[in-house]
Amino acid sequence: MADSRLALPLMDSIRRWQGIAAPNAAARHGLKDFEGLIAALEKLRGELVFEDEPASFEAALAACKEPEA
Amino acid sequence: MSPDALAELSMTEAADAFARGDVTAASLLDATLHRLERHGGKVNAVVRLDRDEARVAAAAADQARKAGARPGKLAGVPMMHKDMYYRAGKVSTCGSRIRRDFVPAVTATVLQRLDAAGAIDCGTLNMAEFAQNPTGHNAHFGDAMNPWNAAHCTGGSSSGSGAIVGARIVTAALGSDTGGSIRLPAAMCGVTGLKPTQTRVPRTGVMPLSFSADNVGPLCRTARDAARFLDVTAGACPGDPTSSKEPVAASEAGLDGDIRGLRVAVCQSWFFDDIDASVLKGFEAAMAVLKGLGAAVEVVKPGSLFAVATYTGIVSRVEGATIHQQWMRERAGDYAAHLSARIYGGNAIPATAYLEALSRRGPLLRRFCDEALGRFDIVATPTLRDRVPTRAETDIDADPDNWDRFMDLSRNTRPFNYLGLPTVSIPAGFDDGGLPLGLQLAARPFAEARLLKVADAFQRETDWHRRTPF
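Residues numbered from 1 in each chain as written. Chains lettered and ligands numbered in written order. Predicted model: local features only at pLDDT ≥ 70, side-chain atom pairs only at ≥ 80, totals over all residues. Heavy atoms only, no water.

Novice: Help me understand the overall build of chain B in this model?
Specialist: Across its full length, chain B carries 17 helices and 11 strands. In summary, chain B has a C-alpha radius of gyration of 20 Å against a globular reference of 23 Å for 470 residues, a match within 12%. Each of the three principal axes of chain B carries a C-alpha extent, and together these read 60 × 60 × 45 Å. Burial statistics for chain B: of 470 residues in total, 66% are counted as buried. Residue pairs at least 24 apart in sequence account for 78% of intrachain contacts in chain B once pairs closer than 6 positions are excluded. For chain B, the exposed area adds up to about 15,200 Å²; of that, 51% sits on carbon and sulfur atoms. Charged side chains in chain B number 53 positive and 52 negative. The centres of these two groups are separated by 4 Å. (Helix = DSSP H or I, 4+ residues; strand = E, 2+ residues; numbered from the N terminus. Rg over C-alpha atoms; globule rule 2.2 N^0.38 Å. Buried < 20%, exposed > 50% of the residue type's maximum accessible area, 1.4 Å probe, protein only. Contact = heavy atoms within 4.5 Å. Areas by Shrake-Rupley, 256 points an atom, 1.4 Å probe, with all protein chains shown as cover. Lys, Arg positive; Asp, Glu negative; His and termini not counted. Charge placed at Lys NZ, Arg CZ, Asp CG, Glu CD.)

Here it is in structure tokens:
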């Protein structure tokens, strides 16, 4: 079980920002997911537009209802 | 009726039998306690049994009915709930060592509503620690065990709720669903599980995990049970400003079995990647049932799912990591290894990525509804792409290399938490190893009545939900 190349910088970032140390080997191992997550976010760059905001979700829930629901 | 015969009743059948005077609340409770004594050890579902309080409540229900009081919609029905629904003065462990002695000062709105409807609360149920795994592993209370095969996962995080309803000990139990935690144990234990629309059922007095994606809902025997449970528990609550003010439709009243003309979208991207052959066979058989009932089934390939799947994990991981920060600093060793490992990584996601995920949620919901529900009434997928795994092959505490199998379990359920759509999992057969298969159905926001009408129609034509493990 090898560490991701991202493991050390991510662990350092978590320690600096939150004061939390990696609790176990599984935690280090789990950081390998970040390579895939960052790659996925790269593919989505450009989709966020200037007016997007979190409150748009509640508005969309109401807008997407069935007419009779 | 014998205890085993009473145990065959669904939640609504038991409530209706009580209302007619065919059974007493005391006899329903006796049946539950008898089944618990006989089969409880096979599933390890119970954290706390409130036998004496339940007997007092059942006697009061019987006395009230004799006196001519009109019974509530759930009167006389024994239930137990995931141990994260707070009841003032009672310990709520949240499946953890950290909260082993936590006594809340408030009672959850949803428990108050169930009490008002006459349900008999018999105690609390095992769950994944802090509701954070899809398998049902619990290092502190022992794993809940699948009633169909104890070596296999119950699903999580509402593991005890799935196991105890599957074992026919109670007819209904509260679960919670942030990434599949109602639907996964429902599918793996062969019961019906409803995740309502985001904001539909208030979360006051409920342990938080991810405030943007947490949902309250039932695991029960049938779609009719889920409809009545929702009718009792849904609706705005002043204590939860995020709860929706949308009027609550009477879901149960619309269950007539008629789905002629229904348009079903099978989302073939994402949900079917690398699917197990026996899972696919069961899904195709379920679609044939819907077609036989007069539904039209077509394949769609929503392009929005890649973004939905990417963002959904970000939201729940960041929010979960944030609320656990102080315990992770001070008491990391009190979490199971797999849980502290999951929480830990959420701290590394930048705030901009988190806000991007939240900001894209509304536009992606609109896009998914256009792509998958524009010409269709219902989306159908398998609840899991894989067979029900064993507890050993998904145990990260024993072997971190099980991480991928563990994380992949909720692949088909997580997107609907991000989208906020109402979603139900219903029993849809068994794999060739004898473990249950789940059919997942989703509808537009607040269309639980339509969703449950389809699930009910399916259950009128099949008997998978009537099969019992012992």
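From this point, the discussion proceeds with the structure in view.
Novice: So what exactly am I meant to see when it comes to the interface of chain A and chain B here?
Specialist: Think of interface size as the accessible area that goes away when the parts come together; that is how it is often given. Tallying the contact residues gives 40 residues for chain A and 50 residues for chain B. For the pair chain A and chain B, the summed buried surface comes to about 3,800 Å²; carbon and sulfur atoms form 66% of the total. The interface formed by chain A and chain B holds five salt bridges in total. Its salt-bridge partner being Lys32 of chain A, residue Asp404 of chain B comes within 2.9 Å of it at the nearest N-O pair. Linking chain A with chain B are 11 residue pairs in polar contact (both at pLDDT 80 or more). (Buried area = accessible area lost by both parts, 1.4 Å probe. Salt bridge = Lys/Arg side-chain N within 4 Å of Asp/Glu carboxyl O. Polar contact = N/O pair within 3.5 Å; in protein donor to acceptor, adjacent residues only side chain to side chain.)

Novice: Any chance you could explain the sheet that holds strand β8 (residues 296-300) of chain B here in plain terms?
Specialist: Each strand in a sheet pairs with another by means of backbone hydrogen bonds, the pair being arranged parallel or else antiparallel. Residue and element names in this part refer to chain B. Ordered in space as β4-β6-β5-β10-β11-β9-β7-β8, the eight strands form an open sheet in which the pairing is mixed. The outermost strands of the open sheet, each flanked by one partner alone, are β4 (172-176) and β8. Across the sheet, the mean angle separating the axes of adjacent strands is 30° when strand polarity is ignored. Relative to β8, strand β7 (residues 263-267) runs parallel, the two sharing five bridges. Bridging from a neighbouring strand, Val264 pairs with Val297 of β8. Helix-sheet contacts for helix α6 (residues 159-166) involve β4 and β6 (216-220), and the interaxial angle to β4 is about 160°. Across the sheet, helix α8 (residues 223-233) is in contact with β4, β5 (192-195) and β6; its angle to β6 comes to roughly 150°. (Pairing = 2+ DSSP bridges. Axes fitted to C-alpha atoms, helices over the stretch in contact; angles between N-to-C directions.)

Novice: Sorry, what's going on with empty space enclosed by the protein here?
Specialist: Residue and element names in this part refer to chain B. Here the structure, examined in full by the defined rule, presents seven cavities of 30 Å³ or more. For the largest cavity, the calculated volume is near 110 Å³. Lining the largest cavity are 15 residues, and of these Leu6, Ala7, Thr32, Ile169 and Thr171 lie nearest its centre. Those elements giving two or more residues to the lining of the largest cavity turn out to be α1 (3-7) and α3 (25-43). Of the residues forming the lining of the largest cavity, the biggest block, four residues, is contributed by α3. (1 Å grid on protein atoms, 1.4 Å probe; cavity = no way out; pocket = protein on both sides within 12 Å on 5 of 7 lines; lining within 4 Å. Points joined across faces, edges and corners; volume = space filled by probe spheres on them.)

Novice: Would you take a moment to explain the layout of surface pockets for this structure?
Specialist: Take a probe with the size of a water molecule and roll it over the atoms, and the empty space left behind shows itself. Its volume calculated, the largest pocket comes out at about 980 Å³. Residue lining of the largest pocket: 38 residues in total, with Asp33 of chain A together with Gly313, Arg317, Met407 and Arg414 of chain B positioned closest to the centre. Among the elements of the structure, α3 (33-44) of chain A together with α10 (305-323), α12 (337-346), α15 (403-408) and α16 (414-419) of chain B are those that each provide at least two residues to the lining of the largest pocket. Looking at the lining of the largest pocket element by element, the count peaks at nine residues for α10 of chain B. Within this model, the second largest pocket holds a volume of roughly 300 Å³.

Novice: Explain helix α5 (residues 109-116) of chain B here, please?
Specialist: The periodicity of an α-helix, 3.6 residues per turn, causes residues three or four places apart in sequence to face the same way. Residues and elements named next belong to chain B. Taken together, the buried positions of α5 are Thr109, Val110, Leu111 and Leu114. In the core, the buried residues of α5 are packed alongside β2 (78-82), β3 (120-125), β4, β6 and α8. Looking one or two residues beyond α5, the residue adopting positive phi is Gly118, at roughly 95°.

Novice: I'm lost on unusual backbone geometry in this one. Help?
Specialist: Most of the time, phi is negative for any residue but glycine, and the peptide bond is trans. Residues and elements named next belong to chain B. With an omega of 15°, the peptide bond between Gly156 and Ser157 qualifies as cis. With respect to the helices, strands and loops of the structure, Ser157 is situated in the loop between β3 and α6. The backbone phi angle of Asp274 is positive, close to 55°, even though this residue is not glycine. For Asp274, a relative accessible area of 76% gives the class exposed. Of note in the backbone geometry, Phe446 takes a positive phi value of approximately 65° without being a glycine. Summarising the element assignment, Phe446 is placed in the loop between β11 (436-442) and α17 (448-461). Given a relative accessible area of 8%, Phe446 falls into the buried group.

Novice: I keep staring at the pattern of salt bridges and nothing clicks. Help me out?
Specialist: Close approach of charged atoms allows side chains of opposite charge to pair. The full count for this structure, using the stated rule, is 40 salt bridges over all chains. In this structure, Arg467 of chain B engages Asp463 of chain B in a salt bridge whose closest nitrogen and oxygen atoms are separated by 3.2 Å. The exposure class of Arg467 of chain B is partly exposed, given its relative accessible area of 34%. Each of Glu66 of chain A together with Arg263, Asp377 and Arg450 of chain B takes part in one network of salt bridges that share partners.

Novice: Just to check I follow, could you spell out the packing of aromatic side chains for this structure?
Specialist: Describing an aromatic ring pair means giving the distance of the ring centres and the angle of the ring planes. Under the definition given, this model contains nine aromatic pairs over all chains. A ring pair is formed by Phe272 of chain B and Phe283 of chain B, whose centres lie 5.1 Å apart and whose planes are at 70°; its orientation type is edge-to-face. Taken as a pair, Phe272 of chain B in the loop between β7 and α9 (277-292) and Phe283 of chain B in helix α9 lie far apart in primary sequence, 11 residues in all. Accessibility assignment for this pair places Phe272 of chain B and Phe283 of chain B in one class, buried. Taking 6.0 Å as the distance between ring centres and 65° as the angle between the ring planes, the aromatic pair formed by Phe430 of chain B and Trp464 of chain B counts as edge-to-face. Taken together, the residues Phe430 of chain B in strand β10 (residues 423-430) and Trp464 of chain B in the segment after α17 connect sequence positions 34 residues apart. Judged by relative accessible area, which is 24%, Phe430 of chain B ranks as partly exposed. On the basis of relative accessibility, which here comes to 27%, the residue Trp464 of chain B falls in the partly exposed class. Members of the aromatic cluster, joined through ring pairs, are Phe130, Trp327 and Tyr335 of chain B. Sitting over the face of the ring of Phe57 of chain A, Arg361 of chain B holds its NZ or CZ atom 3.7 Å from the ring centroid. Its guanidinium or amino end placed over the ring of Trp270 of chain B, Arg411 of chain B lies 3.5 Å from that ring's centre, counting from NZ or CZ. (Phe/Tyr/Trp six-rings, centres within 6.5 Å; stacked < 30°, edge-to-face > 60°. Lys NZ or Arg CZ within 6 Å of the ring centre and 35° of its normal.)

Geometry only, nothing functional implied.
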